[in-house]
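Inside the fold
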Amino acid sequence: MSDAINDILKAVAAGKLNVDEAHARLDALSHEPLGFATLDHHRHRRCGVPEVIFAAGKTPQQVVSIAQSLTTKSGYALITRADEPTAAALEAAFHQIVIGSRRRTILVGLPPELKGIAVPIITAGTSDEAVAEEAALTCRAMGRPVHRINDVGVAGIGRLVARLDEIRDAPVVICIAGMEGALPSVVGGFVSVPVIAVPTSVGYGAALGGVTALMGMLTSCAAGVSVVNIDNGFGAGYIATLIARQSKPPEDAAS
C-alpha cells in the first residue's frame, strides 16, 4: 500500500494526476466495500496493525473473502473466534496459514518478522488454553514472540514460583485465569512490569461465566494489574505488544 500511495503522490507532483483524481484513488486504497463488509485498509497505517477479522456471526465464505482482500493489501490477516467450518474454509483457501490447536484463532499470509523480548503468557489451567492461544497468535500477528507458561494456577502455587525467573525480565506479562481469578494478583506481587489480566469463562456455577474472575481481577490489590474483558485473549495480546514496543533495552532496540 505504501508504494501505491507514493506512486499517486509522484503522479500528482509530475502533473500526471490532478488533485480530484488523486483523492479518488486514495479513497479507493483506504477502504473497500464488499457488500457485506467495508474493509479499512488504512488501519495498518494508522495503528500499525491491519484490521482483524472477528469471525463469529460471519459465514465461512465471508471470512475467506475478507481475509483474501486483507492479505492482498497488507500481506497477512488475523482471524479470531472461528468455528470449524470457517477453519476448514481458510485451510482450503490459503497455503500460508497457522491454526491454533483449538482451531479458533487463525493467522494467514506472512506476518511481520518476530522481534524483541518475548511476552510471557501465563495460564492458571489447561482449560484456559483457547484464550491463551488467541493472545499468542495476536502477538505473533504483531511481530512479537511469546513465551508460554501453562497450568501454574494458585491451587499449586509452587509451580509458578519455580518459573518466576522466566517472567521477571519481560516488559509485560499476560496472565489468564478463570475460577476466582486469583493468579494475576499473585503474579503482580512478584514482578515490576505491567500485568495484563484476562478473566476466562472457566469455572462452576458461582464463577458466573467469568464474571467472578473479572470482578476479582478488577479489585486486585496488586497495583500493576490491568484487566481486559472476559475471554479477550485478542485484547490482551494487542495491548501487551503495544506496551512491549515502548520498552527498548539495547537488545530490543530494533523492535
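Our subject is the structure listed above.
Attention here is on the structure that accompanies the text.

Cut-offs applied
- Residues numbered from 1 in each chain as written.
- Predicted model: local features only at pLDDT ≥ 70, side-chain atom pairs only at ≥ 80, totals over all residues.
- Heavy atoms only, no water.
- Salt bridge = Lys/Arg side-chain N within 4 Å of Asp/Glu carboxyl O.
- Helix = DSSP H or I, 4+ residues; strand = E, 2+ residues; numbered from the N terminus.
- Buried < 20%, exposed > 50% of the residue type's maximum accessible area, 1.4 Å probe, protein only.
- Core = buried A, V, L, I, M, F, W, Y, C linked by side-chain atoms within 4.5 Å.
- Contact = heavy atoms within 4.5 Å.
- 1 Å grid on protein atoms, 1.4 Å probe; cavity = no way out; pocket = protein on both sides within 12 Å on 5 of 7 lines; lining within 4 Å.
- Points joined across faces, edges and corners; volume = space filled by probe spheres on them.
- Nonpolar A, V, L, I, M, F, W, Y, C, P; charged D, E, K, R; others polar.

We now examine the pattern of salt bridges. This model, assessed by the stated rule, comprises seven salt bridges. As a salt-bridge pair, Glu134 and Arg81 come within 2.8 Å of each other at their nearest N and O atoms. Within this pair, whereas Glu134 is found in helix H6 (residues 129–141), its partner Arg81 is found in the loop between strand S4 (76–80) and helix H5 (84–93), the two being separated by 53 residues in sequence. Arg148 is paired through a salt bridge with Glu129; the nearest N and O atoms lie 2.7 Å apart. Taken together, the positions of Arg148 in strand S8 (residues 146–149) and Glu129 in helix H6 put the pair 19 residues apart, joining distant regions of the chain. Here Glu129 falls in the buried class, since its relative accessible area comes to 15%. Where salt bridges share partners, they join Glu84, Glu91 and Arg103 into one cluster.

The next subject is the nonpolar core. Grouped together as the largest cluster of nonpolar side chains are 19 residues, with contacts concentrated most on Ile122, Ile167, Leu183 and Val187. Broken down by secondary-structure element, the contributors of at least two residues to this core are strand S9 (173–177), helix H8 (183–188) and strand S10 (195–199). At three residues, the largest contribution of residues to this core is made by S9. The contacts of Ile122, once residues within four sequence positions are left out, are Ile149, Val152, Ile167, Val173, Ile174, Cys175, Ile176, Leu183 and Val187. Formed by 16 residues, the second largest nonpolar core is a distinct cluster that contains Val119, Val131, Ala135 and Ala236.

Quick look at the layout of surface pockets now. Taken as a whole, the largest pocket spans an internal volume of roughly 200 Å³. Its residues assigned to classes, the lining of the largest pocket comprises eight nonpolar, four polar and four charged.

Read these as spatial facts, not as claims about activity.
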